[in-house]
Amino acid sequence: EYKSSLKNIEVRSIAQSHNGTIWIGTMGKGLFKYENGALTSVELPQQYASDWIYSIYPEDDKIWLGTSSGLLCLNRATITQVFPEKGVIYIELIPI
């Protein structure tokens, strides 16, 4: 049910990209986007899965995410984990 509604979900961050899409980061329910009048959950690949999205920063055609899994970069259809590097056991990226 929560995949298309923010009812009873704690929102941590909201940002709008240059194309008008609104990105919503939640505490425990992951990333959502609102575009063309529809709210949808953004599924992250298992290796980058993070239900805690602390911060969102849109930049050109990229969306930067500060998550409980580190810093992620969404670039169209690809997702890259920028930080932490391999071998780091645990890191949370929280905005200052």
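One can find the structure itself at the top, above this paragraph.
In short, a report on the structure. (Residues numbered from 1 in each chain as written. Predicted model: local features only at pLDDT ≥ 70, side-chain atom pairs only at ≥ 80, totals over all residues. Heavy atoms only, no water.)

Comments concerning the overall build of the protein chain
A tally of regular secondary structure across the protein chain gives zero helices and eight strands. Reading the protein chain from its N terminus to its C terminus gives the helix and strand order β-β-β-β-β-β-β-β. Counting only residues that meet the buried cut, the protein chain has 34% of its 96 residues in that class. By sequence separation, contacts in the protein chain at least 24 residues apart represent 34% of the contacts at least 6 residues apart. Carbon and sulfur atoms form 51% of the exposed surface of the protein chain, whose accessible area is close to 6,300 Å². (Helix = DSSP H or I, 4+ residues; strand = E, 2+ residues; numbered from the N terminus. Buried < 20%, exposed > 50% of the residue type's maximum accessible area, 1.4 Å probe, protein only. Contact = heavy atoms within 4.5 Å. Areas by Shrake-Rupley, 256 points an atom, 1.4 Å probe, with all protein chains shown as cover.)

So, the sheet that holds strand β4 (residues 38–42)
If you walk across this open sheet you meet the four strands as β1-β2-β3-β4, and the pairing is antiparallel. Looking at the sheet topology across the chains shown, the edges are occupied by β1 (11–16) and β4. Recorded for the sheet is a direction-independent mean angle of 20° between the axes of neighbouring strands. With four bridges joining them, strand β2 (residues 22–26) and strand β3 (residues 31–35) adopt antiparallel strand pairing. Among the inter-strand pairings, G25 is bridged to a residue of β3, identified as L31. (Pairing = 2+ DSSP bridges. Axes fitted to C-alpha atoms, helices over the stretch in contact; angles between N-to-C directions.)

Observations regarding unusual backbone geometry
In this structure, N8 is a non-glycine residue whose phi angle is positive, near 60°. The residue N8 is located in the segment before β1 in this model. A positive phi is found at N36, a non-glycine position, where the angle reads about 55°. By the secondary structure assignment, N36 is in the loop between β3 and β4.

Details of the environment of D51
Looking at the element boundaries, D51 is found in the loop between β4 and β5 (53–59). With sequence-adjacent residues up to four places away left out, D51 is seen in contact with T26, M27, G28, K29 and G30.

Overview of the environment of P58
By the secondary structure assignment, P58 is in strand β5. Ignoring anything within four residues of it in the chain, the contact list for P58 reads A15, Q16, S17 and I63.

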